[in-house]
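Results of the structural survey
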Amino acid sequence: MALLRIYETPDPMLRQISTPVETVDDELRALIKDMFETMYEAPGIGLAAVQVGVPKRLLVMDLQEPSDPADENSPPVKLPRVFINPEIVSHSDSEVPYTEGCLSVPDQYAEVMRPDHVRARWLDEHGKSHEEDLDDLLAICLQHEMDHLEGVLFIDHLSKLKRDMVLKKLAKARKERGSRAA
Ligand code: GNR
Ligand code: NI
């Protein structure tokens, strides 16, 4: 049981290209467990291994949707999902906007366009192969996480003007946080 440190931009760790997982073993499953703990505590709906300093092609997700769709504050239904060596087999031509955030770009949000349907292939935590069609937030989150495996952050999808705005707000928030702690 351990909470892991989440790397934040501009740490060069986040720009590493993650390498394929060779063996799905107990050591990897221990990392997966720590990644879920770290993600739930953050809280976030996805986490790529490189965000906790392990540049391997592994990510975890849990959309943590409210149990009562009419009540945002109802306790979330836990549906942990593990993706090892994920690949996008195909995607829709249509793209949808979604306001994304990232634990590595804390408290900053911006709209990104991505395909809303993907067909993906991956291994689970037992090394079993899966291929499924994923839609909506699941598809968007998977693409966000898979970007991390290539060293790409959601802010890289923005215009330079918008990206610089987000980075400026992040710098300001960090400065304010720093002066409060001092
Ligand atoms: O917690 C997260 N929320 C989120 C919202 C919209 C699109 C993507 C995400 S993923 C993010 C957690 C994270 O940084 N994963 O890499
Ligand atoms: Ni992210």
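Everything discussed here concerns the structure shown above.
So, here is what we can say about the structure in this document. A quick note: this is a predicted structure, and the numbers were derived from the prediction, not measured. (Residues numbered from 1 in each chain as written. Chains lettered and ligands numbered in written order. Predicted model: local features only at pLDDT ≥ 70, side-chain atom pairs only at ≥ 80, totals over all residues. Heavy atoms only, no water.)

For the rest of this paragraph, the subject is the pattern of salt bridges. Oppositely charged side chains may form a pair once their charged atoms are brought near each other. Within this structure, the stated rule accounts for 14 salt bridges. Residue glutamate 131 pairs with arginine 119 through a salt bridge whose shortest N-O separation is 2.6 Å. Of this pair, glutamate 131 sits in strand 7 (residues 129–135) while arginine 119 sits in strand 6 (residues 117–123), and the two are twelve residues apart along the sequence. Residues glutamate 131 and arginine 121 are paired through a salt bridge, measuring 3.3 Å at the closest nitrogen-oxygen approach. Taken together, the positions of glutamate 131 in strand 7 and arginine 121 in strand 6 put the pair ten residues apart, joining distant regions of the chain. Overall, glutamate 131 belongs to the partly exposed group, its relative accessible area being 35%. A relative accessible area of 34% places arginine 121 in the partly exposed class. In the salt-bridge network here, residues are joined through shared partners; they are Glu87, Arg119, Arg121, Glu131 and Asp133. (Salt bridge = Lys/Arg side-chain N within 4 Å of Asp/Glu carboxyl O. Helix = DSSP H or I, 4+ residues; strand = E, 2+ residues; numbered from the N terminus. Buried < 20%, exposed > 50% of the residue type's maximum accessible area, 1.4 Å probe, protein only.)

Within the structure, ligand 1 sits among 13 residues, and Ile45, Gln51, Leu103, Glu145 and His148 are positioned closest to it. The side chain of histidine 144 places a nitrogen or oxygen atom 3.2 Å from an oxygen atom of ligand 1. Within the contact set of ligand 1, an oxygen atom lies 2.6 Å away from a side-chain nitrogen or oxygen of glutamate 145. Protein chains bury 91% of the 380 Å² of accessible surface belonging to ligand 1 in isolation. Residue assignment for the shell around ligand 1 shows that the elements contributing at least two residues are strand 4 (95–102) and helix 2 (136–149). Per-element tally for the shell around ligand 1: the top contributor is strand 4, with five residues. Here the shell around ligand 1 is composed, by residue class, of four nonpolar, seven polar and two charged. (Near = heavy atom within 4 Å. Polar contact = N/O pair within 3.5 Å; in protein donor to acceptor, adjacent residues only side chain to side chain. Areas by Shrake-Rupley, 256 points an atom, 1.4 Å probe, with all protein chains shown as cover. Nonpolar A, V, L, I, M, F, W, Y, C, P; charged D, E, K, R; others polar.)

A few words on the coordination of the nickel ion (ligand 2). Around the nickel ion (ligand 2), the protein contributes the donor atoms Cys102 (SG), His144 (NE2) and His148 (NE2), at 2.1 to 2.3 Å from the metal centre. Of note, the donors binding the nickel ion (ligand 2) are all from one chain and are spaced C-x41-H-x3-H. A residue pair is termed long-range when its members are at least 10 positions apart, and cysteine 102 in strand 4 and histidine 144 in helix 2 qualify at 42 residues. Comparing cysteine 102 with histidine 144, the two get one shared label, buried. (Donors = N, O, S within 2.8 Å, 3.2 Å for Na, K, Ca; no water.)

The subject of this paragraph is the nonpolar core. In terms of nonpolar packing, the biggest core is built from 19 residues, with Leu59, Met61, Phe83, Leu134 and Leu142 touching the most fellow members. Among the secondary structure elements, those contributing two or more residues to this core are strand 2 (58–61), strand 6 and helix 2. Counting residues per element, this core draws most heavily on helix 2, at six residues. Setting aside anything within four residues of it in sequence, one finds phenylalanine 83 in contact with Arg57, Leu58, Leu59, Met61, Trp122, Leu123, Leu134 and Leu142. (Core = buried A, V, L, I, M, F, W, Y, C linked by side-chain atoms within 4.5 Å. Contact = heavy atoms within 4.5 Å.)

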